[in-house]
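Fold and contact review
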Amino acid sequence: MTLPIVVYGSPILRNRSEALPAGEVDTEVVKLAGDMFDTMYAAEGVGLAAPQIGRNIRLFVIDISPWADDEPELKDFKRTFINPEIYWSSEETDYYNEGCLSLPGINEDVLRPVTIKMRYLDERYTPHDEEFTGRAARVIQHEYDHLEGAVFTDRLTPLRRSLLKRKLEGFAKGKYFAAYRTK
Ligand code: NI
């Protein structure tokens with residue numbers, strides 16, 4: 001089932017999301033993750049965080065398996081991340097062009113660490129402690145920001161942000177185009 005996507009300007013995207021109880025598998029959470037994948041695919045995104053469908057919980061989904069064409073190790077990279085915690089980031093950084101389903105029409109080069117280490121639970125609530133690098137680390141950090149109440153434009157220089165001011169203010173007034181359901 002697809003869900004409407006929350007657009008920039010909503011306070012939901014600015015809250016720090018709450019951890020989920022980390023005991024047994026929560027079927028409601030598993031169902032929600034499935035709906036988030038449906039929503040993400042319908043909107044042609046590669047990642048989606050729970051605040052983007054209106055829930056302030058620490059959950060995001062990513063599918064970058066289509067990128068396996070030029071990065072074979074991403075072949076099966078369709079994952080659910082519950083209660084993720086990035087506990088290490090590399091000093092090495094690079095720029096990569098990002099967009100966000102909550103900010104339709106905006107794409108900007110964003111500076112981020114190249115490599116991260118993260119603990120999280122998967123959809124079976126199995127704990128993992130893993131290092132990610134390159135584009136996987138990139139998408140994870142973008143989604144992780146959503147759980148912290150941040151969006152990628154927060155990471156731009158003040159000059160870049162001021163150039164986007166009009167567009168950003170337009171979201172709350174409904175001045176944007178999205179080819180998917182939004183709220
Ligand atoms: Ni996003």
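Preceding block: the structure.
A short tour of the structure in this document, coming up. (Residues numbered from 1 in each chain as written. Predicted model: local features only at pLDDT ≥ 70, side-chain atom pairs only at ≥ 80, totals over all residues. Heavy atoms only, no water.)

Let's talk about the overall build of the protein
When you go through the protein residue by residue, the secondary structure sums to 4 helices and 7 strands. Going residue by residue from the N terminus, the α and β elements of the protein occur as α-β-β-β-β-β-β-β-α-α-α. Over its C-alpha trace the protein gives a radius of gyration of 16 Å, about what one expects of a compact globule, namely 16 Å for 183 residues. Judged by the C-alpha coordinates and their principal axes, the protein covers about 45 × 35 × 30 Å. Out of the 183 residues in the protein, the part that is buried amounts to 50%. Intrachain contacts of the protein at a sequence separation of at least 6 include 68% that bridge at least 24 residues. Counting only carbon and sulfur atoms, one obtains 51% of the accessible surface of the protein, whose full area is about 9,400 Å². The averaged location of the 30 negative side-chain charges in the protein is 8 Å from the averaged location of its 24 positive side-chain charges. (Helix = DSSP H or I, 4+ residues; strand = E, 2+ residues; numbered from the N terminus. Rg over C-alpha atoms; globule rule 2.2 N^0.38 Å. Buried < 20%, exposed > 50% of the residue type's maximum accessible area, 1.4 Å probe, protein only. Contact = heavy atoms within 4.5 Å. Areas by Shrake-Rupley, 256 points an atom, 1.4 Å probe, with all protein chains shown as cover. Lys, Arg positive; Asp, Glu negative; His and termini not counted. Charge placed at Lys NZ, Arg CZ, Asp CG, Glu CD.)

Observations concerning the layout of surface pockets
By volume, the largest pocket amounts to about 400 Å³. Lining the largest pocket are 23 residues; nearest its centre among them are V46, E98, G99, C100 and L101. The set of elements that each furnish at least two residues to the lining of the largest pocket consists of β4 (93-98) and α2 (134-147). Top contributing element to the lining of the largest pocket by residue count: α2, with 4 residues. Partitioning the lining of the largest pocket into residue classes produces 11 nonpolar, 8 polar and 4 charged. (1 Å grid on protein atoms, 1.4 Å probe; cavity = no way out; pocket = protein on both sides within 12 Å on 5 of 7 lines; lining within 4 Å. Points joined across faces, edges and corners; volume = space filled by probe spheres on them. Nonpolar A, V, L, I, M, F, W, Y, C, P; charged D, E, K, R; others polar.)

Some thoughts on the sheet that holds strand β1 (residues 47-49)
Strand order across the open sheet formed by 5 strands is β1-β2-β3-β6-β7, with antiparallel pairing between neighbours. Lying at the two open borders of the sheet, with one neighbouring strand each, are β1 and β7 (127-133). The sheet shows a mean angle of 40 degrees between the axes of neighbouring strands, direction not considered. With 5 bridges joining them, strand β3 (residues 78-89) and strand β6 (residues 115-121) adopt antiparallel strand pairing. From the neighbouring strand, S89 faces β6, where its bridge partner is I116. This element, helix α1 (residues 27-42), spans β1, β2 (59-63) and β3 of the sheet and lies at about 45 degrees to β2. Here α2 sits on the sheet and contacts β1, β2, β3, β6 and β7; the angle it forms with β2, its principal contact strand, is near 150 degrees. (Pairing = 2+ DSSP bridges. Axes fitted to C-alpha atoms, helices over the stretch in contact; angles between N-to-C directions.)

Brief notes about the coordination of the nickel ion
Around the nickel ion, the protein supplies C100 (SG), H142 (NE2) and H146 (NE2) as donor atoms, at distances of 2.1 to 2.2 Å. Between consecutive donor residues of the nickel ion, the sequence gaps follow C-x41-H-x3-H. Here H146 and H142 lie together in helix α2, a separation of 4 residues that amounts to about one turn. Accessibility assignment for this pair places H142 and H146 in one class, buried. (Donors = N, O, S within 2.8 Å, 3.2 Å for Na, K, Ca; no water.)

Note that all results are geometric; they support no functional claim without further evidence.
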